[in-house]
Amino acid sequence: MGEEEQDLDLATLSDDELVLQMHDDLYDGLADEIVEGVNILLGREWEPYGVLTKALVEGMRIVGVDFRDGILFVPEVLMAANAMKAGMGILKPLLAETGAPKMGKMLIGTVKGDIHDIGKNLVTMMMEGAGFEVIDIGINNPVENYLEAIEEHQPDILGMSALLTTTMPYMKVVIDALVEKGIRSDIDVLVGGAPLNEAFAESIGADHYCRDAAMAVETAKECMSRRQGSAAAEMAGNG
Ligand code: B1M
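Each value, and the rule that gives it
Residues numbered from 1 in each chain as written. Predicted model: local features only at pLDDT ≥ 70, side-chain atom pairs only at ≥ 80, totals over all residues. Heavy atoms only, no water. Core = buried A, V, L, I, M, F, W, Y, C linked by side-chain atoms within 4.5 Å. Buried < 20%, exposed > 50% of the residue type's maximum accessible area, 1.4 Å probe, protein only. Helix = DSSP H or I, 4+ residues; strand = E, 2+ residues; numbered from the N terminus. Domains from an automatic or database assignment. Contact = heavy atoms within 4.5 Å. Near = heavy atom within 4 Å. Polar contact = N/O pair within 3.5 Å; in protein donor to acceptor, adjacent residues only side chain to side chain. Nonpolar A, V, L, I, M, F, W, Y, C, P; charged D, E, K, R; others polar. Axes fitted to C-alpha atoms, helices over the stretch in contact; angles between N-to-C directions. Parallel < 35°, antiparallel > 145°, perpendicular 65-115°, else oblique. Left-handed = near helix turned anticlockwise from the far one by under 90°. Salt bridge = Lys/Arg side-chain N within 4 Å of Asp/Glu carboxyl O. Pairing = 2+ DSSP bridges.

Colleague: Sorry, what's going on with the nonpolar core here?
Modeller: In terms of nonpolar packing, the biggest core is built from 47 residues, with Leu 52, Leu 56 and Leu 91 touching the most fellow members. For this core, the elements supplying multiple residues, two or more each, are α2 (15-27), α3 (31-43), α4 (48-68), α5 (74-95), β1 (105-110), α6 (118-129) and α10 (213-238). Among the elements that make up this core, the one with the highest residue count is α5 (eight residues). Mapped onto the domain boundaries, this core takes at least three residues apiece from domain 1 (1-101) and domain 2 (102-239). Not counting residues up to four positions away in its chain, the partners in contact with Leu 91 are Val 38, Leu 42, Pro 48, Val 51, Leu 52, Leu 56 and Met 125. Among the nonpolar cores identified, the runner-up in size contains 27 residues, and Tyr 170, Phe 200, Ala 206 and Tyr 209 belong to it.

So, in structure tokens, the structure goes:
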């Protein structure tokens, strides 16, 4: 680290300079600096969601480009991921602070063979912030984990995450198991992760593809109003 960098006082930077500096700090895996930057932006009345998307998610996007191009390697990316998580740790309670009545219940997990969890954690945070109860079963989940958790928690929505082209086909294994058990129509299946797209989601029989966490929240809300609408219609029909 150069002397100039050591002396840098983040609080003296303008918002734009600070955000760019945070992209650099995330790239360098500097968790303490990320925590400091997040706190400074919040202290300047930034919305937690703005800090998340402009400083952290954008920083991680840059890391991803250099990882792809062989400029960064796994240990460096892990450090960047840790720094990102440190920043997300501060934002999580703020994003979850709505105090709204529970909108519905979602079960979420990354599929078998895949240990990427930053995107999934972000979806969890945003869903909780929107008033959903979220059961997060973590990473590297075989189909049995999903089935057990569905039986135990009876969620309205299942969310699956996959970041690798080699693991995304596993989502179909889970959906096929739901069909086999006769519970597919009880649950809305939402899928997401960088290599996915709408066509893939359709091809595996998922209900919706969510390109990001905000879209996951919107889609989940739509699913809940549809479910509530059909429950009401059923009751009216019976009554
Ligand atoms: Co990985 N990795 N990685 N990695 N890694 C990618 C995914 C990759 C695209 C990098 C690259 O080459 N450019 C590439 C995959 C290539 C491919 O499959 N075509 C890759 C590779 C190859 C690998 C390894 C195989 C590397 C190796 O070992 N040689 C290895 C695999 C490990 C495994 O899983 N078995 C590996 C390992 C790792 C680390 C452990 C070092 C680390 C993960 C740390 C962690 O997650 N705790 C890591 C990271 C950090 C990345 C990149 C750089 C960043 C991923 C990320 O966190 N993005 C990634 C490059 C990239 O994606 N550009 C890469 C930020 C996050 C906010 O976005 O996850 O897309 P994302 O989530 C978004 C949306 O996709 C969506 O909403 C989120 C928020 O907006 N979404 C959902 C995600 N899940 C959802 C679920 C939903 C809804 C929306 O449910 C309803």
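Colleague: Is there a simple way to explain the site of the ligand in this structure?
Modeller: Near the ligand you find 33 residues, and of these Arg 68, Ile 115, His 116, Asp 117 and Ser 161 are the closest. Between the ligand and the protein, one listed contact pairs an oxygen atom with a backbone N or O atom of Ala 213 at 3.1 Å. Contributions of two or more residues to the shell around the ligand are made by α4, α5, α6, β3 (157-161) and β4 (188-192). Per element, the largest residue contribution to the shell around the ligand is five residues, and it comes from α5. Residue composition of the shell around the ligand, grouped by class: 18 nonpolar, nine polar and six charged. Three or more residues apiece are contributed to the shell around the ligand by two domains, here domain 1 (1-101) and domain 2 (102-239).

Colleague: Would you mind showing me how to read the packing of α2 against α3 here?
Modeller: Think of two packed helices as two axes; the pair is described by the angle between the axes and how far apart they sit. For the pair α2 and α3, interaxial distance at closest approach is 9 Å and the crossing angle is 155°. In this view, α2 runs roughly antiparallel relative to α3, as classed from their interaxial angle. Once α2 is placed against α3, the crossing between them reads as left-handed. The segment α2 lies against α3, with Asp 15, Leu 18, Val 19, Met 22, Asp 25 and Leu 26 engaging Glu 33, Ile 34, Gly 37, Val 38, Ile 40 and Leu 41. Grouping the constituent residues of the contact of α2 with α3 by class yields eight nonpolar, one polar and three charged.

Colleague: Before we go on, may I ask you to explain the domain arrangement of the protein chain in this structure?
Modeller: As a measure of interface size, the accessible area lost when the parts come together is often cited. What the domain assignment reports for the protein chain is domain 1 (1-101) and domain 2 (102-239). Computed from C-alpha atoms alone, the centre-to-centre distance between domain 1 and domain 2 is 28 Å. Counting residues at the interface gives 15 residues for domain 1, matched by twelve residues for domain 2. The tally of links between domain 1 and domain 2 comes to one salt bridge.

Colleague: It is not clear to me how the sheet that holds strand β5 (residues 208-209) should be interpreted in this structure. Could you clarify?
Modeller: Pairing between the strands of a sheet is mediated by backbone hydrogen bonds and can be parallel or antiparallel. Spatial ordering of the open sheet is given by β2-β1-β3-β4-β5, a layout of five strands whose pairing is parallel. This sheet does not close on itself; its edge strands, each paired only once, are β2 (133-136) and β5. As defined by bridge partners, β4 adjoins β5 across two bridges and the pair is classed as parallel. When the bridges of β5 are listed, Leu 190 appears paired with His 208. The sheet strands contacting helix α7 (residues 143-153) are β1, β2 and β3, and the helix crosses β1 at an angle near 165°. Of the strands in this sheet, β3 and β4 touch helix α8 (residues 170-181), which is tilted by about 155° from β3.

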